[in-house]
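Tertiary structure, described
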Amino acid sequence: MCRLKRDLYGLKQAPHAWYTRIDSYFIGLGFTKSEVDVNLYHIVVEGKPLIIVIYVDDLILTGDDQLIKSCKEDLARELEMKDMGLMNYFLGMEVW
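Here is a short report on the structure shown in this document.

Cut-off values and rules
- Residues numbered from 1 in each chain as written.
- Predicted model: local features only at pLDDT ≥ 70, side-chain atom pairs only at ≥ 80, totals over all residues.
- Heavy atoms only, no water.
- Salt bridge = Lys/Arg side-chain N within 4 Å of Asp/Glu carboxyl O.
- Helix = DSSP H or I, 4+ residues; strand = E, 2+ residues; numbered from the N terminus.
- Buried < 20%, exposed > 50% of the residue type's maximum accessible area, 1.4 Å probe, protein only.

Inspection of every chain in the model, using the stated rule, returns three salt bridges. Between Glu 78 and Arg 21 there is a salt bridge, with the nearest N and O atoms lying 3.8 Å from each other. Highlighted residues: Glu 78 in helix H2 (residues 65–78) and Arg 21 in helix H1 (residues 14–29), separated in sequence by 57 residues. By relative accessible area, Glu 78 is classed as partly exposed at 37%. With relative accessibility at 32%, the residue Arg 21 sits in the partly exposed group. A salt bridge links Asp 74 to Arg 77; the shortest N-O distance between them is 2.3 Å. Of the two residues, Asp 74 and Arg 77 both sit in helix H2, three residues apart, roughly one turn of that helix.

Next up, the structure:
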C-alpha cells in the first residue's frame, strides 16, 4: 500500500487534475483501466499480473512481488509518495 502526496491540494479542480495525471501515467505504462471500476488498473507482464486500485489518495497494489517492487520504484520516481508496507486493514476490515 502506498500513500500519495498530492501536490495539487487546495486547488478547486485538484481532484480532477490529480486523477487525470495519474490516469495518463498508468495508461502510459501499459496498464488497462477496468471497464467496471475506473479506479482499477491491471497489466500482465510475462504471464504475471499486477493490479492497482486507487482509493482516495492511496494506491493498493497486488500481484507478483517483483512487479510490485518495480512498480513502486517507477511510481516513486514520478510521484511523491510514501510506501506504507503491507496492508493490514482496509475500510475497517482486517486483511491477511
